[in-house]
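What follows is each chain in one-letter form.
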Amino acid sequence: MKHNFGAGPCILPKEVFEEASQAVLDFNGTGLSILEVSHRSKEFEAVVVETERLVRELLNVPQGYCILFLQGGASQQFAMVPMNLLPEGGKAAYLDTGVWASKAAKEVKKLGQVEIVASSSDKNYTYIPKDYSIPTDAAYFHFTSNNTIYGTEVFQTPATNIPVVVDMSSDILSRKIDVSEFDLIYAGAQKNMGPAGVTLVILKDELFGKSGRNLPTIFEYEAHAKAGSMYNTPPVFSIYVSMLNLRWLKAKGGVEVIEQENIIKARMLYDEIDRNPFFKGTANTEDRSRMNVTFVMENPEFEAEFLELAKERGLIGLKGHRSVGGFRASIYNALTITSINALVDTMREFEEKHK
Ligand SMILES: *Cc1c(COP(=O)(O)O)cnc(C)c1O
């Protein structure tokens, strides 16, 4: 058995893989593969409608927000957000909590001004800055809710009167959120929602045309909204598999239930990291992510050996990002407690062998 701790594309439930593979052969009894079915067919339209309905239901999305399924990943949103929200000559405010946050801010510079309200780059992004003020004359404020590479997470939405934009790629659907705190939420699906190829965007309708820029149509949120995410051929298979995963989450009891599981999973792993004298966490304790657990060894010379043992025990994708080193265990929704136990047992086995 393999335990996939990879950061993305990530693990999905086995049932989802099984159903998806069935649909590759015969989608809903149509006699056609999901890979060849027309995106305009009534069968696929039903998939888009259900996927949107499940997002609305699971995240309790209020009236006045539209749901889009786009392409280009979260990285395309780094550009689309300022294109659509930042007027010519305007300024946007960004919180710098890591590689993704700073990549997002970098795109703004091509279109206008960016003010970095705070940054944790002074300590290699091991914490979430808390004391900063958000300029009221900025067009919007952007932050990254979960820093996939550094294992830090923002649990409290910063308070401001200007529109709030959040990159939730790696913690969407992992915990309860109040959508009304945000004006625009985006997430590349491949971290916690589905396979790579589709990006979820939830935005307030009132943001359409906000920048006043004359954009190429493919980059306009409004054009995608008017076309029901069918302005161009959507990523049919990625949307379908996301729908299956959302159905799975709903059947499990929804976001509240998975959040409790995620809390337990994260605690089991952090408890072992804190107890085991061979390991230590890299993120500031109060900012520790429930999705990406980053840790190193007290003696870095042991790291290659631990990775080798982990591989023998079927633990995959544990090598840390090159900018942090050590290990990163991504423990997204579909990762089971059995897999957490397998990792904890391997850490104990290593300790026994070397003490
Ligand atoms: C992975 C990731 C991205 C980049 O996503 P792509 O879909 O590959 O563009 C952006 N932000 C966060 C928080 C991520 O984890």
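Source: prediction; values computed, not measured.

1. Describing the UniProt feature "modified residue: N6-(pyridoxal phosphate)lysine" (unreviewed entry) in the protein
Then step 1. In the UniProt entry, the feature "modified residue: N6-(pyridoxal phosphate)lysine" (unreviewed entry) is given for K191.
Then step 2. With respect to the element layout, K191 can be found in the loop between β9 (184–188) and β10 (199–204).
Then step 3. Judged by its relative accessible area of 12%, K191 falls in the buried class.
Then step 4. Among all residues touching K191, those that are not within four sequence positions of it are A7, G8, C10, T148, S169, S170 and Y332.

2. Topic: the domain arrangement of the protein
Then step 1. Assigned domains within the protein: domain 1 (14–252) and domain 2 (254–353).
Then step 2. Computed over C-alpha atoms only, the centres of domain 1 and domain 2 are separated by 27 Å.
Then step 3. Listed by partner, the interface residues are 27 residues for domain 1 and 27 residues for domain 2.
Then step 4. Buried surface at the junction of domain 1 and domain 2, summed over both partners, amounts to about 2300 Å²; 52% is from carbon and sulfur atoms.
Then step 5. Our enumeration of links across domain 1 and domain 2 arrives at three salt bridges.

3. Describing the site of the ligand
Then step 1. The ligand sits among 13 residues. The nearest are S75, T148, D167, Q190 and K191.
Then step 2. Between A74 and the ligand, the recorded distance is 3.0 Å, taken from a backbone N or O atom to an oxygen atom.
Then step 3. In the model, a nitrogen atom of the ligand is placed 2.6 Å from a nitrogen or oxygen of the D167 side chain.
Then step 4. Relative to its unbound accessible area of 390 Å², the ligand is 87% covered by the protein chains.
Then step 5. The biggest single contributor to the shell around the ligand is helix α3 (residues 73–85), with four residues.
Then step 6. Classifying every residue of the shell around the ligand gives three nonpolar, eight polar and two charged.

4. Regarding the pattern of salt bridges
Then step 1. Applying the stated criterion to the full structure yields 26 salt bridges.
Then step 2. Between E259 and R290 there is a salt bridge, and its shortest N-O distance comes to 3.3 Å. With E259 in helix α7 (residues 255–275) and R290 in the loop between β11 (279–281) and β12 (292–297), this pair connects stretches of sequence that are 31 residues apart.
Then step 3. We classify E259 as buried; its relative accessible area is 15%.
Then step 4. Residues E351 and R275 are paired through a salt bridge, measuring 2.8 Å at the closest nitrogen-oxygen approach. Placement of the pair is E351 in helix α9 (residues 337–354) and R275 in helix α7, with a sequence separation of 76 residues.
Then step 5. For E351, a relative accessible area of 9% translates into the label buried.
Then step 6. Exposure remark for R275: the relative accessible area of 40% places this residue in the partly exposed category.
Then step 7. In this structure, a network of salt bridges that share partners links the residues E272, R275, R348 and E351.

What counts and how
- Residues numbered from 1 in each chain as written.
- Predicted model: local features only at pLDDT ≥ 70, side-chain atom pairs only at ≥ 80, totals over all residues.
- Heavy atoms only, no water.
- UniProt positions renumbered as here; feature names shortened; annotations may be inferred.
- Helix = DSSP H or I, 4+ residues; strand = E, 2+ residues; numbered from the N terminus.
- Buried < 20%, exposed > 50% of the residue type's maximum accessible area, 1.4 Å probe, protein only.
- Contact = heavy atoms within 4.5 Å.
- Domains from an automatic or database assignment.
- Buried area = accessible area lost by both parts, 1.4 Å probe.
- Salt bridge = Lys/Arg side-chain N within 4 Å of Asp/Glu carboxyl O.
- Near = heavy atom within 4 Å.
- Polar contact = N/O pair within 3.5 Å; in protein donor to acceptor, adjacent residues only side chain to side chain.
- Areas by Shrake-Rupley, 256 points an atom, 1.4 Å probe, with all protein chains shown as cover.
- Nonpolar A, V, L, I, M, F, W, Y, C, P; charged D, E, K, R; others polar.

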